[in-house]
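Architecture and fold: a report
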Amino acid sequence: MSFGVAFSIKADLGTSPISSVPYVVNCFTPLSVGTATIIMHCVFILLQIVILRKNYQLIQLMQLPVALVFGYLTDFALYATQSLVCHSYIEQWLFCIIGIILVAIGVSFEVIANVVTLAGEGVVLAICKVFPIKFGSMKVLFDVSLVCIAIVLSLTFMKNLVGVREGTVAAALLVGTISRQVNKLLKKLLHLRLFHRKHKSS
């Protein structure tokens, strides 16, 4: 997922929704994208506690160290990809699509593991537990909301639109959709694995 974020930033078509707010904050503060990501995830953890209240599981506090690792990995991924340069609009879209796919796969693996998710996906799952909304659909709504916040911050503090372009819109619409399809595939693979295990044991 961290490399997905890095590719979306390198594409320069607007960052992925999950990194749109940290990227904009990075533009008008001394904070790195990774550090801003960690702070944002801490806010997401607090939101989960507010949403779930008594139903909040303490194991989900493990999202805090996960957020720290993800933040530092995001800065590392940006460092590792700094030499990559897009020379055409087509190459920009190629980088953008790679970023979208990597983020979507990362989200799917988090959800299917069902242990500890990143705080962003944790908020989506918390809302889905309280309201009858499918994860994929809520993920799209959540990403669109992040993009709107990034736009407001950008226009307020920088007086122009930064980090939000056509690539951001594509990611907001596609990450949840791709994640939903990958989830289906992973569930089928897990069912097949369980079937083979039962077959061998019998």
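Presented here is an overview of the structure given in this document. Everything numeric in this text was worked out from a predicted model, so none of it was measured.

**Regarding the overall build of the chain**
- The secondary structure content of the chain amounts to 8 helices and 0 strands.
- Start at the N end of the chain and walk to the C end: the helices and strands fall as α-α-α-α-α-α-α-α.
- Taking 202 residues into account, the globule formula puts the C-alpha radius of gyration at 17 Å, and the chain, at 18 Å, falls close to it.
- Principal-axis analysis of the C-alpha atoms places the extent of the chain at approximately 65 × 40 × 30 Å.

**Quick look at the nonpolar core**
- Ile18, Val21, Phe44 and Phe142 are the most contacted members of the largest nonpolar core, which has 47 residues in total.
- Listed by contribution, the elements that provide at least two residues to this core are helix H1 (2–11), helix H2 (17–28), helix H3 (33–52), helix H4 (63–80), helix H5 (89–113), helix H6 (119–130), helix H7 (135–157) and helix H8 (166–201).

**Considerations on the layout of surface pockets**
- In this model, the largest pocket occupies a volume close to 240 Å³.
- Of all the secondary-structure elements, those providing two or more residues to the lining of the largest pocket are H5, H7 and H8.
- At 4 residues, the largest contribution of residues to the lining of the largest pocket is made by H8.
- Within the lining of the largest pocket, the residues separate by chemical class into 4 nonpolar, 4 polar and 4 charged.
- Taken as a whole, the second largest pocket holds about 200 Å³ of empty space.
- Lining the second largest pocket we find 14 residues, and of these Gln57, Gln60, Asn114, Leu125 and Lys129 sit closest to its centre.
- Secondary-structure elements contributing two or more residues to the lining of the second largest pocket are H3 and H6.
- Per-class residue counts for the lining of the second largest pocket are 6 nonpolar, 7 polar and 1 charged.

**Focus on the pattern of salt bridges**
- Scanning the entire structure with this criterion turns up 1 salt bridge.
- Between Glu166 and Arg165 there is a salt bridge whose closest N-O contact spans 3.2 Å.

**Brief notes about the packing of aromatic side chains**
- On inspection of all chains with the given rule, the structure shows 5 aromatic pairs.
- Measuring from ring centre to ring centre gives 6.4 Å for Phe3 and Phe76, while their planes differ by 85°; the resulting arrangement is edge-to-face. Residue Phe3 is found in helix H1, and its partner Phe76 is found in helix H4; the two are separated by 73 residues along the sequence.
- Owing to a relative accessible area of 34%, Phe3 belongs among the partly exposed residues under this scheme.

**Re H1**
- Summarising burial for H1: 8 of the 10 residues are buried, a large majority.
- Looking at the buried residues of H1, the elements they touch are H2, H3, H4 and H5.
- Remark: Asp12 follows H1 within two positions and exhibits a positive phi of approximately 60°.

**Overview of the packing of H6 against H7**
- With their axes 9 Å apart at the nearest point, H6 and H7 run at an angle of 125° to one another. Considered as vectors, H6 and H7 are oriented oblique to each other. Crossing of H6 against H7: the hand is right-handed. Contacts between H6 and H7 involve Gly120, Glu121, Val123, Val124, Leu125, Ile127 and Cys128 from the first element and Phe135, Met138, Lys139 and Phe142 from the second.
- Looking at the contact of H6 with H7 residue by residue, the class counts come to 8 nonpolar, 1 polar and 2 charged.

Conventions adopted
- What you see as residue numbers is a count from 1 along each chain, following the sequence as written.
- Where local features are concerned, this predicted model is filtered to residues with pLDDT of at least 70; where side-chain atom pairs are given and counted, the filter is 80 or more; whole-chain, interface and lining totals use all residues.
- Side-chain metrics rest on all non-hydrogen atoms present in the structure, leaving aside hydrogens and water.
- Each helix is a run of DSSP H or I of at least 4 residues and each strand a run of E of at least 2, with the numbering of both proceeding from the N terminus.
- The globule rule used here is 2.2 Å times the number of residues to the 0.38 power, and the radius of gyration it is set against is calculated over C-alpha atoms.
- Nine residue types can take part in a nonpolar core, namely buried Ala, Val, Leu, Ile, Met, Phe, Trp, Tyr and Cys, and a core is a set of them joined through side-chain atoms within 4.5 Å.
- Residue exposure (1.4 Å probe, protein chains only): buried if accessible area is under 20% of the type maximum, exposed if over 50%, otherwise partly exposed.
- A cavity, in this analysis, means grid points on a 1 Å lattice covering only the protein atoms where a 1.4 Å probe fits yet has no way out; a pocket is instead an open set bounded by protein on both sides within 12 Å along at least five of seven lines, and a residue lines either one if it has an atom within 4 Å of a point.
- Grid points are joined across faces, edges and corners, and a volume is the space filled by probe spheres set on the points.
- Ten residues, namely Ala, Val, Leu, Ile, Met, Phe, Trp, Tyr, Cys and Pro, are considered nonpolar, four, namely Asp, Glu, Lys and Arg, are considered charged, and the remaining ones, Gly among them, are considered polar.
- We count a salt bridge whenever a side-chain nitrogen from Lys or Arg sits within 4 Å of a carboxyl oxygen from Asp or Glu.
- Centres within 6.5 Å are what make two rings of Phe, Tyr or Trp a pair, Trp counting through its six-membered ring; a difference in plane orientation under 30 degrees is then read as stacked, over 60 as edge-to-face, and the rest as tilted.
- We call two residues in contact whenever any of their non-hydrogen atoms come within 4.5 Å of each other.
- Axis geometry follows a simple rule: fit a line to the C-alpha atoms, using only the stretch in contact for helices, then measure angles between N-to-C directions, giving values from 0 to 180 degrees.
- An angle below 35 degrees is read as roughly parallel, one above 145 as roughly antiparallel, one from 65 to 115 as roughly perpendicular, and any other as oblique.
- The handedness criterion is simple: a crossing whose near helix is rotated anticlockwise from the far helix by less than a right angle is left-handed, and one whose near helix is rotated clockwise is right-handed.

Nothing here speaks to function; it is geometry throughout.
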